[in-house]
Structure formats: C-alpha cells, structure tokens
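Chain and residue survey
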Amino acid sequence: MTTPKSPPAPEPAARARSGRRAVVASMVGTTVEYYDFLVYGVAASLVFGKLFFPQVDPAAGVLLSLSTFAIAFVMRPIGAAIFGNLGDRVGRKRVLFLIMMLMGVGTFAIGLLPTYHTIGILAPILLVLCRLIQGLALGGEQAGGFVMSVESSGDKRRGLAGAFVNSGAGWGLLLANLLFLVLNELPGDAFLTWGWRIPFLLSAVLVLVGLYIRAKLDESPEFVRVENAQAVKRIPLADAIKRGWRPMILVMLCCLGTHVNFYVVTVYSLTYGTSVLHQPKTTLLSMLLIVTAMYMVSTPLFGLLADRFGRKQVFVVSAIALVLTPFAFYPLLGSGSYLPMVAGFVLLFLAVSANSAAEPTFFALAFPPSIRYSGLAVSYGLGAVLGGSFAPLISAALFKSSGSWTTVAIYNGGAALISVVAGLLLRELPRLSTKTSPAQSDSAPQAV
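Since the model is a prediction, treat every value here as computed from it, not as a measurement.

Counting secondary structure elements, the protein chain contains 20 helices and 0 strands. Its C-alpha radius of gyration of 22 Å places the protein chain within 12% of the 22 Å reference for a compact globule of 448 residues. Taken along the three principal axes of its C-alpha coordinates, the protein chain extends 70 × 50 × 40 Å. Counting every position in the protein chain, which comprises 448 residues, the buried fraction comes to 55%. By sequence separation, contacts in the protein chain at least 24 residues apart represent 84% of the contacts at least 6 residues apart. Within the structure as shown, the protein chain displays about 18300 Å² of accessible surface, and the carbon and sulfur contribution to it stands at 71%. Side-chain charges of the protein chain comprise 33 positive and 19 negative groups, with the mean position of each set lying 5 Å from the other.

Okay, the packing of helix α13 (residues 281–309) against helix α14 (residues 311–324) next. Packed helix pairs are specified by the crossing angle of their axes together with the interaxial distance, meaning the distance between the axes. At a closest axis distance of 6 Å, the pairing of α13 and α14 adopts a crossing angle of 125 degrees. Classified by the angle between their axes, α13 and α14 sit oblique to one another. Residues Leu-305, Ala-306, Asp-307 and Phe-309 of α13 touch α14, and the partners they reach there are Arg-311, Gln-313 and Val-314. Here the residues of the contact of α13 with α14 are counted per class, giving 4 nonpolar, 1 polar and 2 charged.

Let us look at the environment of Lys-93. Within the fold, Lys-93 resides in helix α3 (residues 92–112). Residue Lys-93 is classed as partly exposed on the basis of its relative accessible area, which comes to 27%. Placed 127 residues apart in sequence, Lys-93 and Ser-220 show a C-alpha to C-alpha distance of 7.4 Å.

Where helix α7 (residues 168–183) contacts helix α9 (residues 197–215), the axes come no closer than 11 Å and their chain directions differ by 140 degrees. Taken together, the axes of α7 and α9 lie oblique to each other. For the pair α7 and α9, the crossing hand works out as right-handed. Of the residues in α9, those in contact with Leu-175, Leu-179, Phe-180 and Leu-183 of α7 are Ile-198, Pro-199, Leu-202 and Leu-206.

The next thing to look at is the nonpolar core. Ranked by internal contacts, the top residues of the largest apolar core, which has 118 residues, are Phe-48, Phe-52, Trp-196, Phe-363 and Leu-376. Ranked by residue count, the leading element in this core is helix α1 (residues 12–52), at 17 residues.

Looking now at a nonpolar patch on the surface. Nonpolar side chains collect at one region of the surface, where Ile-78, Ile-82, Leu-86 and Leu-98 lie side by side and expose about 300 Å² of accessible area between them. Here the nonpolar patch gets 3 residues from one element, more than from any other, and that element is helix α2 (residues 58–90). Checked against the element boundaries, Leu-98 lands in helix α3. By relative accessible area, Leu-98 is classed as partly exposed at 38%.

Using the criterion set out here, one finds 23 aromatic pairs in the structure. Seen from their ring centres, Phe-180 and Phe-191 are 6.2 Å apart, and the 65 degrees between their planes marks the pair as edge-to-face. Of this pair, Phe-180 sits in helix α7 while Phe-191 sits in helix α8 (residues 190–195), placing them 11 residues apart in sequence. Looking at Phe-191, the relative accessible area reads 16%, which means it is buried. Judged by centre distance (5.8 Å) and plane angle (35 degrees), the rings of Tyr-268 and Tyr-272 are tilted. Residue Tyr-268 and its partner Tyr-272 are located together in helix α12 (residues 245–276), separated by 4 residues, close to a single helical turn. Of the residues examined, Tyr-272 reaches a relative accessible area of 4% and is grouped as buried. In this structure an aromatic cluster arises from ring pairing among Tyr-268, Tyr-272, Phe-329, Tyr-330, Phe-345, Phe-399 and Trp-405.

Here we come to the confidence of the model for the protein chain. Mean pLDDT for the protein chain: 87, with 91% of residues reaching 70 or above. Within the model, pLDDT remains below 50 along residues 1–7, and this stretch shows 12 contacts once partners closer than five positions in the same chain are excluded. Confidence drops under a pLDDT of 50 for residues 443–448, and excluding neighbours within four residues, the segment shows 12 contacts in the predicted structure.

Here we take up α13. Look at α13: 40 Å from first C-alpha to last across 29 residues, which is about the 42 Å you get at 1.5 Å a residue. The largest bend in α13 is about 30 degrees, located at Met-296, with the proline Pro-300 one to four residues further on. One or two residues past the end of α13 sits Gly-310, with phi positive at roughly 110 degrees.

A few words on the pattern of salt bridges. Using the criterion set out here, one finds 11 salt bridges in the structure. The partner of Arg-92 in a salt bridge is Asp-88, and the shortest N-O contact between them spans 2.7 Å. Asp-88 matches Arg-92 in its accessibility class, with the two residues each being buried. Connected via shared salt-bridge partners are Asp-88, Arg-92, Glu-151, Arg-158, Glu-222 and Arg-372.

This part is about the side chain of Asn-261. Here Asn-261 shows up in helix α12. When residues no more than four places from it in sequence are discounted, the contact partners of Asn-261 are Leu-322, Pro-326, Leu-348, Val-352, Asn-412 and Ala-416.

Although it is not a glycine, Gln-230 adopts a positive phi angle of roughly 55 degrees. Position of Gln-230 relative to the elements: it lies in the loop between α10 (221–228) and α11 (236–243). The phi angle at His-278 is positive, at roughly 60 degrees, despite the residue not being glycine. Structurally, His-278 is set in the loop between α12 and α13. Overall, the relative accessible area of 63% leaves His-278 in the exposed class.

Turning our eyes to something else, we now look at helix α16 (residues 338–364). Spanning 27 residues, α16 covers 39 Å between terminal C-alpha atoms, matching the ideal 39 Å at 1.5 Å per step. The largest bend in α16 amounts to roughly 30 degrees and is located at Ala-358, with the proline Pro-360 lying one to four residues further along. Counting buried residues along α16, 20 of its 27 residues qualify, which places the element largely inside the surrounding structure.

Reading guide: rules and limits
- Residues numbered from 1 in each chain as written.
- Predicted model: local features only at pLDDT ≥ 70, side-chain atom pairs only at ≥ 80, totals over all residues.
- Heavy atoms only, no water.
- Helix = DSSP H or I, 4+ residues; strand = E, 2+ residues; numbered from the N terminus.
- Rg over C-alpha atoms; globule rule 2.2 N^0.38 Å.
- Buried < 20%, exposed > 50% of the residue type's maximum accessible area, 1.4 Å probe, protein only.
- Contact = heavy atoms within 4.5 Å.
- Areas by Shrake-Rupley, 256 points an atom, 1.4 Å probe, with all protein chains shown as cover.
- Lys, Arg positive; Asp, Glu negative; His and termini not counted.
- Charge placed at Lys NZ, Arg CZ, Asp CG, Glu CD.
- Axes fitted to C-alpha atoms, helices over the stretch in contact; angles between N-to-C directions.
- Parallel < 35°, antiparallel > 145°, perpendicular 65-115°, else oblique.
- Nonpolar A, V, L, I, M, F, W, Y, C, P; charged D, E, K, R; others polar.
- Left-handed = near helix turned anticlockwise from the far one by under 90°.
- Core = buried A, V, L, I, M, F, W, Y, C linked by side-chain atoms within 4.5 Å.
- Patch = residues over 30% accessible without salt bridge, like charges linked within 9 Å, V, L, I, M, F, W, Y side chains within 5 Å.
- Salt bridge = Lys/Arg side-chain N within 4 Å of Asp/Glu carboxyl O.
- Phe/Tyr/Trp six-rings, centres within 6.5 Å; stacked < 30°, edge-to-face > 60°.
- pLDDT = per-residue confidence, 0-100.
- Expected span 1.5 Å × (residues − 1).
- Bend = angle between axes of the 7 residues up to and from the residue.

The following block contains the structure:
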C-alpha cells in the first residue's frame, strides 16, 4: 500500500496563526467547562431542589439536586474514553467540534427545561439527561484542548500554550461569579421563577464563539503525520491501556494535588468560611474573585517559566508547595482579618496556578501521538473524579469528625504529596523530529 504524501509544510506565519487559533479555541472550551461547573453548582444548591424535586423534603430536594451535579463527574471518564478514542482515530479537530456542540446543547437545554410543577416527574428526568450530556462532553473537552494546543504550537512555546488553555478555568469562574452578582439584585422571587435560566441560556454565546473558532482550525500537525504514516490505531484506547498504562496511572495520580486543592478553595472554603468562621458569604466571594483574576494572569506566566526551566520541574516544585500551603491557608483564613485571609487564598492559589500551568504539556507529551488523546483523556478524567468530586465532601467530613482544620490540611497536603511522587516518576517522551515516523515513536520505550 502506498503511503500518502504529507501536504506541503505551511509557511511559518501560517503555522503560527494556526497554532494561536488552536490555543484560543481550546481556552474557550475550558472557559465553557468551568462556567458550566459553577453555574450548575449554584443552581443545584439554590433552586433546583425547589423546582425539580419539590415532592420531597426540602433538605432531601437539595441533596437530590446536588446528586445531579455529581453525575457529570461520574460521566467524565466515560466521555474521556469515547472521545479520546475518537480523537486518536478521526482527528482532534472533528472531535473537539462535536464536543463543543454537545456542551452547548446540554447547557442551553437546561435553561429551557419546564419544571416539576409543569410536567411532573419528567422534569427531573430531563434534567439528569442534560447533565449526562454535559458530563460526556466534559470528559473529552479539557484533555482534547490540551492535546490540540500542545501539538499545534512550536516547541519553545508549548508550555505557554497549555497554560493559556488552563487559564480558561479562571475566565469561566469569573464570568459566572460576575453574572450571579448581577442576578443577586433581582427583586423578590425573580431568580427562582426565571432568573436562574439566564446563565444557562447565555452560555450559548460562549459556545457559538467556540464553534466558530473550531470550524476554522487546521488539524493537529502531529495527528496528520500519524495519518500519513498510516499509524492510526484500530482501537487507540485499547493500545493506550496496553502500552501506556504506566504514564496513565502516573498522570491520574499527578492530578490529585491540583484538583483537591482547587475544589477546596472554590467550593469547601465557602462552607468552612460561613459555617465555621461565620464570615459573610459576600466577603468570601470577593476573595474568590480576587484569586480568580490572579489565576487568569499567573497561569500563562507560569507556563512561560515551564518553557524556560522545564515542565516537570515547575510541576514538581509547585506540587511541593501544595503540600505545604494548606497549613498556612487555614490559619490565615481563621484570622478573621480581610488582608490575611486574602493572603491565604493567594498563597494556595498561586501554587494551584503553577501546577495547572505545567500540567497540559507535561501530561500530553508523556504519550506518543497515536494514543495521546486516549491516554491523556482517560487518565486526566479519572484524576479529576478522584481528586475533585470528593474533595469538598471529604474535607467537610474530616473537620466534622476532628473539629480541627489540621486534619483537613493533612488531607489536602497528602494529596499533593502523592502528586509530587508521581510527577518525579512521570517523564515526557523524547522530542521527535518531523522526519521521524510515528510508528517508530510508538515503538520507543515509555519513559516512566
């Protein structure tokens, strides 16, 4: 069989434009993901119990609505397996376009759902169905964005490209927080009756921007080389599990430190600050806005440092910082003074930011191109479930059982310590020249 010829190499300026489009498109996807995360979480806490589960006790209704929030975490590994496998078979561009469409449909549909009072039991069923669609899409979105941006960027700026994608988390949280601050001013029961729909419907704007940019993307150059060398795997996920299980396990463990501490800051700190420290919720939200804005700026800067000193080095050093900073975060938060409390948030979130900046490129380059999307999506999705979904619940349970923040800090820091060890063991594969066959790269031993 004749091997298809590679298309002529694009001019440097065209390559740079294509790489920038890939990075921006991926960052928009991350923005939509975290915007949806906060919007759904707030709605589930405040109104979904009353609107979709009014037939049960109010406290039970809140629990049921929050369980629909958790469904997305459960679906993430399933979506990662489906879309990761597709991304390694048919290309990154097509799959990322499909994922963005699914995210848009799932989120926009929630804003249009009739409530229990209108259609009865069908209302919570439709809510769960929409959340399942969101969870599936989220499973392939962030890892796919990592892969597309890293593979489309020049060698000297891969760390910056991946970090810029992760900075979308800050944009998503900032947009959602600002929107809820505005909606909080609605009179009477306006938020309960119709105001809650606005954030879901407005997500269509972000999705349309993402679809427009992704429609204009070029396919990842590294996937094109895999195709031209006829090295596309029949079932990439199976091949990733068979030959890449070691880096998959290590990436999953590397995720624990960032995800545990990220969700402690963005979710558990509100519960701890209001119920234990008796701080006004508005005070804590203002601090979250400050560190969210800082995250948006600092993450790309740490990406530049990762390109300068090495992704592995930045990841490990920041993971060590995450082992230590929880033991400063809780005392500073407990001081009751605004500036020390802000300092605690900043200290912990700077370490999270540095860790997040190094993750995309460090993790993506641990896998060869032919199984990169599959290996990264599944391992990152599992790491997000293990680290993120249970972190607020475990933190709250530890404090309740011990009555001390120390046990919570030990849990937060212990998760980061696991990431330190895994990060030391995980290695990027050697950089291959454009003349190297993907088949040759796949036969190279995994560096772990």
